[in-house]
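Residues per chain are reported as follows:
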Amino acid sequence: MRAARGGQGPATWGQRAIHTALVKLGPEAPRYNLRMAAPVEPGLPLATALGAFTELLHLHDALRTRLVERDGDLVQEVDADGALPVAVLHRDSAERAAGAAAELLAEFAARPFDLSGEWPVRLGLVLVDGLVRQVALVLSHTASDGWGMRRAVRDLTLLAGGRSAAELRAERTFAQPLEEAAEQDSPRGRRRDAAARRHWRDKLSRGPRAQLPRPDGEPDPQRRFPFAVLRSPELAAALPRAAARLRASDATVLLAAAATELGRLGGQREVLFQVVVGNRFTEPAAEAVTTLAQEGLFHLPELAEDFAATVGRCQGPALSAYRHSGYHKPQLDADLAALRASGVEPADHSVIWNDTRDPLAVAMSDGAAEAGEVERELRFPEAFPARPGVSVAVDVVAVPGAIELLMVADGALLERPQMAQFLCGVEQLVLEAAG
């Protein structure tokens, strides 16, 4: 890289939130790395592929941004010059190239990034007969969230087809991290931050103290967190019909179903989730390759007896959560510490709901399965070490022909049959709502 846009300034809210999480995770931080391995058809000359990646680095400053702790604060440094190492492998068949790309991806993703010392990008290319046939790409979560990763892959495809960074930048407006930080530090940004933190303090002062029955005594720090996956083509087919019948977004329908099932498991009518919000409500944000996603706080004071009524009750709290999902995370942590010091224990906000679906997700997937070829499946592939501050975490993922619900739960609170009950209950509510 030579003479790209550079500079330094305060970290953005998204960078601060992810940096804090990664530092707390320590050796577990690599599980937050974003990854993608894909075939390149019909193949590209190596110079073309490298040129496209160089243009991608010119286009999106976040891919050249390092986060440095300086004088008690987190700052971002965008490098105008530098070099990105690229792993280039040669194989003698398409099958072996795919295997090599998968191995590269696993190796890249398993290592933590040096957030202050290296660019948040790892790249591998696998060639067959002189042409690039596979690419393996890993980004640090400090550089992008899942939405931004998909935008990066889209832009890379355009650049490999002959477009330039200058052309794409002229065609659309998108946020760059330094500009985003400047907006957040403006009077309007500070007002937004203050309002969001007030929302959190208010909801956590009044929400439920515990959402799931907790065993007596301190939990075993060595306990495991079971992992469940429900793959459901029926859910994917029914969700848009249910949303149309209930006159709500499909995201709200799923959120209401999750709230209903959590209430059943916990035996109460009040629900509070941390909801991961993409924060891409404007065109510049929607087009950006950067990390914007943060948690909003969704508080439903009372579930309705009827699911359709619950969906209606969810719409206002969901919009409020989205509105207040951008804030200075270390300052919010300090606010909550002050709340505890005043004698107020914050409400239980250990349940996390992350609806990652995006229209590009299926198109970017490795698989080519059609809806009719996908079978419904519920499985428990593994268990994870304890996750501090988390009791339940659910990701909603779009895959070819289906929706997957991925659930991790504290084994001291929920066992596998209860996790199955939750996932199948969410699915069943949507199927019934779809008629």
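What comes next concerns the included structure. (Residues numbered from 1 in each chain as written. Predicted model: local features only at pLDDT ≥ 70, side-chain atom pairs only at ≥ 80, totals over all residues. Heavy atoms only, no water.)

With that settled, consider the side chain of T12. For T12, the position within the fold is in the loop between β1 (7-10) and α1 (13-25). Among the residues examined, T12 registers a relative accessible area of 0% and is labelled buried. Not counting chain neighbours up to four residues away, the residues in contact with T12 comprise Q76, P177, E180, A181, Q184 and T291. (Helix = DSSP H or I, 4+ residues; strand = E, 2+ residues; numbered from the N terminus. Buried < 20%, exposed > 50% of the residue type's maximum accessible area, 1.4 Å probe, protein only. Contact = heavy atoms within 4.5 Å.)

With that settled, consider the nonpolar core. Among the nonpolar cores identified, the biggest contains 49 residues, and V253, F273, F298, W353, M407, F422 and V430 are the most heavily contacted of them. The dominant element in this core, judged by the number of residues it contributes, is helix α9 (residues 250-266), at nine residues. Excluding residues that lie within four positions of it along the chain, F298 makes contacts with L255, V271, L272, F273, V275, C314, P317, A318 and A321. Counting residues in each nonpolar core, the second largest holds 32 residues, with M1, V40, W119 and A165 among its members. (Core = buried A, V, L, I, M, F, W, Y, C linked by side-chain atoms within 4.5 Å.)

We now examine the environment of E345. On the secondary structure map, E345 appears in the loop between α12 (329-341) and β11 (351-355). The exposure class of E345 is partly exposed, given its relative accessible area of 49%. Along the backbone, E345 and L429 are 84 residues apart, and their C-alpha atoms lie at a distance of 33 Å. Not counting chain neighbours up to four residues away, the residues in contact with E345 comprise L204, R209 and R340.

A few words now on the sheet that holds strand β4 (residues 73-78). Strand order in this open sheet of three strands is β1-β4-β3, and the pairing throughout is antiparallel. In this open sheet, the two edge strands, each paired with only one partner strand, are β1 and β3 (65-70). Taking the axes of each pair of neighbouring strands and ignoring which way they run, one obtains an average angle of 25 degrees across the sheet. For β1 and β4, the ladder comprises four bridges, and the chain directions are antiparallel. Paired with G7 across the bridge in β4 is V78. Seen against the sheet, α1 touches β1, β3 and β4 and runs at an angle of roughly 115 degrees to β4. (Pairing = 2+ DSSP bridges. Axes fitted to C-alpha atoms, helices over the stretch in contact; angles between N-to-C directions.)

Right, let's talk about the packing of aromatic side chains for a bit. Tallied over the full model, the rule gives three aromatic pairs. Centroid distance F273 to F298: 6.1 Å. Interplanar angle 45 degrees. Geometry classified as tilted. Taken together, the residues F273 in strand β9 (residues 271-277) and F298 in strand β10 (residues 294-300) connect sequence positions 25 residues apart. Seen from the ring of F113, R122 lies directly overhead, with NZ or CZ sitting 3.7 Å from the centre. Its end group placed over the ring of F384, R387 keeps NZ or CZ at 5.0 Å from the ring centre. (Phe/Tyr/Trp six-rings, centres within 6.5 Å; stacked < 30°, edge-to-face > 60°. Lys NZ or Arg CZ within 6 Å of the ring centre and 35° of its normal.)

The terminal C-alpha atoms of α1 lie 19 Å apart, and with 13 residues this matches the ideal 18 Å at 1.5 Å per residue to within 8%. Within α1, burial applies to W13, G14, Q15, R16, A17, I18, H19, L22 and L25. (Expected span 1.5 Å × (residues − 1).)

Turning our attention to the pattern of salt bridges. By the definition in use, this model includes 35 salt bridges. Between D335 and R197 there is a salt bridge; the shortest N-O distance is 2.6 Å. With D335 in helix α12 and R197 in helix α7 (residues 187-206), this pair connects stretches of sequence that are 138 residues apart. Owing to a relative accessible area of 12%, D335 belongs among the buried residues under this scheme. Using a relative accessible area of 13% as the deciding quantity, one classes R197 as buried. (Salt bridge = Lys/Arg side-chain N within 4 Å of Asp/Glu carboxyl O.)

For the rest of this paragraph, the subject is a nonpolar patch on the surface. A cluster of nonpolar side chains, namely L50, V86 and V88, defines an oily patch on the protein surface of about 170 Å² accessible area. Position of V86 among the secondary structure elements: in strand β5 (residues 86-91). The exposure class assigned to V86 is partly exposed, which follows from its relative accessible area of 30%. (Patch = residues over 30% accessible without salt bridge, like charges linked within 9 Å, V, L, I, M, F, W, Y side chains within 5 Å. Areas by Shrake-Rupley, 256 points an atom, 1.4 Å probe, with all protein chains shown as cover.)

Either a parallel or an antiparallel arrangement is found when strands of a sheet pair, and the pairing is made through backbone hydrogen bonds. Strand order in the open sheet formed by four strands is β2-β7-β6-β5, with mixed pairing between adjacent strands. Strand pairing shows two members of the sheet lacking a second neighbour, β2 (34-45) and β5, which therefore form its edges. Put simply, the sheet's adjacent strands are angled 20 degrees from each other on average, direction ignored. As paired elements, strand β6 (residues 121-128) and strand β7 (residues 131-139) share eight bridges and run antiparallel to each other. In the strand pairing of β7, L123 is matched with L137. Packing of helix α4 (residues 146-160) onto the sheet brings it into contact with β2 and β7, and relative to β2 it is tilted by some 10 degrees.

Nothing here speaks to function; it is geometry throughout.
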